[in-house]
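Here are the chains, one letter per residue:
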Amino acid sequence: MASARRLKRISDALAPPPETIGTLTLGDVSFPVPKSLTPARLPHAAPLDPADPRTRAHLYFLLQKYILGQDVFLIAQPGPYARRLALTFCSLVNAEYEYIALHRDVGETELKQGREIREGGNLVYVDSAAVRAVKTGRVLIIEGIEKAERGIMPVLNNLLENREMNLDDGTHILHPHQHALLPDADAADARFVPAHPAFRVIAIGAPVPPYTGYPLDPPFRSRFQARFLDPTGALLALPADAPAPDSELPAASASLWRTLRDLVLATQRASEARHALDGVARPALPPFPQTALAKLRALLRAFPPPARGLAPRALGRLMIVLHPELLHAPFQAWALLSERVEEAGLGPLAAPLATEDDDDATAEEDAAGLLGYTVRAISRAGAHTARVVFAPLGGGGGGGGGGAAGSDAALDVPAGFAPLRAFPLAETPDFVPSARFVGLLTSCLQAHALGWDVSLVPPAQPATASASTSLLVQVLGDVLGYAREAVHVYKELGGRELLMRRVVGDGGATSWEPSPLVLGAWTGRLVHFSGLDVLGATAGSIARLLQDREVELWEGKRIVAALDEDETSPDLTVAHPSFRVISTASRAAPLRDWLSTEHANMFLPVPAQPMGRAEEAALLRRTGCAPADVTALLQFAGAYRTRMAPADGALRVRRLGTRALLRIARRLARFPWDRDVRSMLERALLTEFLPATEKAGVEELLEGVGIKKLSPVFHPAPVVEEKTLLFPAPTDPLRKTEDTRVPRFDAVQDPEGSASYVPHMDHFYDNSIQSAQMRDLAVDFELLGDHLVLLGNQGVGKNKIVDRLCQLLQRPREYISSTTTLERGIIRYTDSPLLRAAAHGRVLVVDEADKAPEHVVAVFRSLAGQGELTLSDGRRLVRAVEREGDLPIHPGFRLILLANRPGYPFLGNHFMQVLGDNFSCHAISNPDLESERRLLTQLAPELDADLIVRLIGAFHDLRKGYDDGSLTYPYSLRELIAIVRHMRAYPGDELDDTLRNVFDFDVYRLETTEKLDEILRKHGLRTQTSSAAARKGKKQLDMRFDPEETDLDKPKHGQEDPSGGAHSGGNTFAGGTGGRDTAGVGGRGGFKRLWKKGHEIYQVSNKLKEDVPDSVQEQAREMARKELAARLAELNMTPEGAESYGELLSGVQAHIAQLRDLLEHLATREEERVWARLGIQASRNGEAELDDPAQAKRIRFLFDISASMYRFQYDGRLQRSLETEFQSPHQARQYTWDMYGHSGDEPEIPLVKIGDSIEGPAERWAVTQKMKYTTQYTWSGDSTVAAIEKAVDEVAAFDGDDHFVIALTDANFAQYAITAEDLGRSMNRHPKVKTALICICEDSDASWIKQYFPGRAFLVNNTADIPKVLRGFLTTMVDR
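Residues numbered from 1 in each chain as written. Predicted model: local features only at pLDDT ≥ 70, side-chain atom pairs only at ≥ 80, totals over all residues. Heavy atoms only, no water.

S.K.: Go over the pattern of salt bridges, please, and point to the residues and values.
M.R.: Taken as a whole and judged by the stated rule, the model has 72 salt bridges. Across the salt bridge formed by Glu-615 and Arg-436, the nearest N and O atoms sit 2.8 Å from each other. A residue pair is termed long-range when its members are at least 10 positions apart, and Glu-615 in helix α21 (residues 613–621) and Arg-436 in helix α16 (residues 435–449) qualify at 179 residues. For the pair Glu-615 and Arg-436, a shared accessibility class is recorded, and that class is buried. A salt bridge links Arg-813 to Asp-803, with the shortest nitrogen-to-oxygen separation between them at 3.1 Å. With Arg-813 in strand β30 (residues 813–817) and Asp-803 in helix α28 (residues 798–809), the pair connects residues that are 10 residues apart, well separated along the chain. For Arg-813, a relative accessible area of 16% gives the class buried. Taken together, the salt bridges that share partners define one network made up of Arg-41, Glu-96, Glu-98, Arg-132, Arg-138, Arg-544, Glu-550, Glu-552 and Arg-558. (Salt bridge = Lys/Arg side-chain N within 4 Å of Asp/Glu carboxyl O. Helix = DSSP H or I, 4+ residues; strand = E, 2+ residues; numbered from the N terminus. Buried < 20%, exposed > 50% of the residue type's maximum accessible area, 1.4 Å probe, protein only.)

Encoded structure:
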């Protein structure tokens, strides 16, 4: 055996070397370049210029390590340079390569083997890129190491170090030397596969910090040889014509190029110096993206700037295009850049997003794109091209292509196959090409002409007028003749799903199909990524496709940049030259969360300028709305967008976009007598569901602009006429009102639907509120053509209102529930209610829409907003048929989504952020008192009218209790109707028993039952809802125990029965019932109660209980006092301390339970999100990977325990602070928390550290005493700002998925000269830490705090308000 192995090694050594095609010499290193066995796996993209000295130095390093057999880690800032360097090296050494882009969804399947089912049911394993590389000796390029989830990279550790890997199909990859030592029988076994000696790994990752991501795992890091790629060199090396002299550029372009190039390089060097000093802090002016100089040079070559220089706004727009992170950078960054630009002699730098309201802005400037150019004409130049003529402002004429400054630039650009829309754009009833819009279109056309994909970046302010992004995408496609492909992005969309989708055949065989993105690349379409901002870092998985037009597909297939004419391979395809991508944002996340350096390198960002007030006003007036109403709407919209926008950019209230204002304006124009503008605005903003602070702010703004609240009116029940549904005029003595008629559905249009799909209701009890709601719904979806979303608590009648309206209108209605339309996360479209409704023009009612996954909500958003939807089989639902396979959407199709209100205690998603303004919103609430009385009287006319009134009043107060936070359940009309029906059916039942049918859910919540009893007693409903009362209220047989012996001795504990048996009567054992002298229950003469679980209780008669001598009673009392003192001593509490503890606890016990419920709910929501993501992952890979638990949430509570808290405690501030401490989440799962104080002496006083156990009363009491004593003995002073800064720093260092600092202060800001800027600097110190400031003081002391920090700073005068504040803050922040 040994001789055979030796013979094999000798034979291998004597084997001829692989065939070579030449020798590569780089410096003092030579390498024989082998011939490729599979040329299709060689690089096809254009390499970097090896003549560049920086690039050549990197290639020299890579060659050294390749010869040594070492793996390499390229450390580079985000961008394409490192990847192109690795591919350039592969081209030089003629090495085949495999490529993996890492992101959050990459698992073992992508790194090892995937499973597929072929026809006939055969299971096969498909090698991943990594396995193919190690088997065939290719270079494995792994990009995005910093994005890989923890636990993924160890999969590769053994492969990297030992060249070994165990695969799912039972095979084992072994090091070639180890394989050579196998016995002959094992070496011939197909289960053992030798790793190819030429296998190498080139890993690419960004340094963390300063960039976002996961730090390198030390074992993984140790297996590489590192190479830092100088960002300055990458910036200069990327332009394709970088070696060309500047003199080849027009004179004005060359000058501007040199100046801005030096500015970009200087900024890079300054940022590196800052990083060297402080690896965590971000520089004031972040470095430019890696592609900035490449974009700048291309722009200046094609569009020479005017000789007189760029105008300030044009220069500002150019800077944003090159460095879009400036949009969300601190103001100091923009100021620093402005200073450097002026010092460079380029003149002042103006904000690029000026509107028509600015005095310095002109229509001509607005109509200009980048570098001051406008579009003069667009015409067809070829089958796949169009000619676009760009003209500079104030000049032009002639037609060259990218010539000298002042002349036109005529460029042939890729285009689609369809006819081009006429340009200049013509005005239509539905479209006004404003100067702002034309300027944005020009910028997009310039980016398109230079070969870049476009990202329309929304304004940094979360609430603005419309920026027309969806319309802009449509018009851009039309003027270039493009067929558009829409991709509606949702948060859990995986990187693989962006490129491909799994298909399961009828026989169970699995395969892959191209995604709309890949189809668009092959066919030359304009692909619109809608809502790309919610995808986060996963968007980087398509960076290579956007930057290089290359991407890896399924089972070894690949899109490459170019193919030789004689090159044919079934695995290789090329992207169509007309293929382009344009992305828009949903604005569900602030810019800082997604507008990163990587995003800037993938696209040419175009800042989307919102409408100015003049343009928005003109748009509203075109609806026919009265000018006075337009003025009022815009005054409120301007104030609302400014006032409600928080400093951190994360909007926590509804946006008031132009689309919502247009909806209101159309309604006012259609019904000029219905002038309740306030209710329309409140409905659009869903103010009914806003937290109290935000709701009060909206009401204040409405009053401030003079939009008054109108008195309620009575709405009669609708009347069915022959062809219309009549809503009689509301009765209003102060205003003139009119009837409203809505056409009824004509059965001829849909005979099947009219016969089978019109809902039928035997009973509907008309009332004013629901009649008004039905009128509003009918007007919106029948007369104005809107899709609807109805939100409200459970049981308020959302389904019944919609069904009743469809019944009256004879409207065919399809119905689905979001919980029943999914099969493994996929909507089934074959003959589905959705397809039927869209095809026949029916109403589709989607119940429980808030429970739907985000990708399903994205379907609804697409249908309502753009009128299009791509089905799973590749067909599209569209308003107008454009290509084969399109299914037209009937103009009568309407979507009605039913959902519970957002937030706790409902378990739904915040899907309204995904829907945006595409739906008309309606808040469905419980009817008012009179409407409820009418409804219940119709339901049960025989019941006592007074009892009905008292029930209605009680439920009205129960709902108030939910709104103010004292109750955790929103009692609705549904429960009230259930009670009335029971009373009507069983009049002999006690009222207590009937009410407990609703309230028994809370029998173990003492704080809830006490509140319930208080409200019920207030309305004369004498009942009790506690568990004890529930037991007492049950119908039971009388049971009494009469003992034969009744003599008393003296109180005692009694013996313990080791058997645990039950004892009745007697005076021997402890824990019995009906006994005497001993500790027990139901007896007499004992000194304490003692009951053993599970034993029946027998009571002696009251006569025997009363017949106890005074001496025995006194002896029992004394024994009880001594034992109580002993128990308190065990807790280190005095009787006085126990009494004070009890007083504090009783004041906040209900709030403790509510806060605990809230935190548990949020933790559950997080677990559900994780499982949802795992479920989606399982559907992609065929199995679930359960190693991705929800991460902990980090909270620090920060208490003000300064001297002023003690000095001014007469106003209750100290008491409120102590009560708040009692409400901290001591036992909440998935929360890592601690508690610190700050005083005039020091900013960090530990109260409870992480891991401290304070579950017992004594420990909790000790914390409150430490707080109280500190306020008594500390020196004067205030450390609020320093304390928040320390807290934010420590919380940010915690590895979790949510980070909070909740600081309480008595807001003694004026005395210690603490300004809003000081607080803002500390609260915004780290972007991932959400900070709340709760001021327990009089409003006048810090009334300005809410204005500067809306949604994050709160004034609290009552401890009962603190749970509401915490509930609103935590719910908003965790659910974002």
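Continuing now.
S.K.: If you had to explain the pairing of strand β1 (residues 20–26) to someone new, which residues and values would you point to?
M.R.: Note that β1 and strand β2 (residues 29–34) share six bridges and pair antiparallel. Residue pairing in the sheet places Gly-22 in a bridge with Val-33 of β2. In sequence, β1 turns back onto β2 through a hairpin of two residues, with Gly-27 there showing a positive phi of about 65°. (Pairing = 2+ DSSP bridges.)

S.K.: Residues and numbers for the sheet that holds strand β8 (residues 165–166), please.
M.R.: The strands making up a sheet associate through hydrogen bonds between their backbones, and the pairing can be parallel or antiparallel. Taking strand neighbours across the sheet as the criterion, the three strands line up as β8-β9-β10 in an open arrangement whose pairing is mixed. For this open sheet the edge positions go to β8 and β10 (192–194), each flanked by a neighbour on one side alone. Summarising the sheet, strand β9 (residues 172–174) and β10 pair through three bridges and their orientation is parallel. Looking at β10, one finds that Leu-174 is bridged to Pro-194.

S.K.: Any chance you could break down unusual backbone geometry for me, citing the residues and the numbers?
M.R.: Here the bond from Pro-209 into Pro-210 is cis, since omega is 15°, no more than 30 degrees from zero. Turning to its location among the elements, Pro-210 is positioned in the loop between β11 (200–205) and α9 (218–221). With an omega dihedral of 5°, the bond running from Phe-423 to Pro-424 counts as a cis peptide bond. Notably, Leu-371 is not glycine yet its phi reads approximately 60°, a positive angle. Assignment of secondary structure puts Leu-371 in the loop between α15 (363–366) and β13 (373–380). A positive phi angle, close to 55°, is found at Ala-1313, a residue other than glycine.

S.K.: For the pairing of strand β25 (residues 604–607), give the residues involved together with the corresponding values.
M.R.: Here β25 shows no split at all, with Leu-604 and Val-606 on one side and Pro-605 and Pro-607 on the other all buried. Alignment of strand β16 (residues 454–457) against β25, held across four bridges, turns out to be parallel. In the sheet register, Val-454 faces β25, and the bridge partner there is Leu-604.

S.K.: Got a sec to walk through the sheet that holds strand β14 (residues 385–392)? Specific residues and values, please.
M.R.: Pairing in this open sheet of three strands is antiparallel, and the strands run β13-β14-β15 from one edge to the other. The open sheet terminates on both sides in strands that have one partner only, identified here as β13 and β15 (409–414). Direction aside, the axes of adjacent strands within the sheet are offset by 25° on average. In this fold α16 packs onto β13, β14 and β15, with an angle of close to 65° to the strand it touches most, β13. (Axes fitted to C-alpha atoms, helices over the stretch in contact; angles between N-to-C directions. Contact = heavy atoms within 4.5 Å.)

S.K.: I'd love a proper account of the side chain of Ser-128, names of residues and values included.
M.R.: Residue placement: Ser-128 occurs in the loop between β6 (123–127) and α5 (129–136). Note on Ser-128: relative accessible area 7%, which makes it buried.

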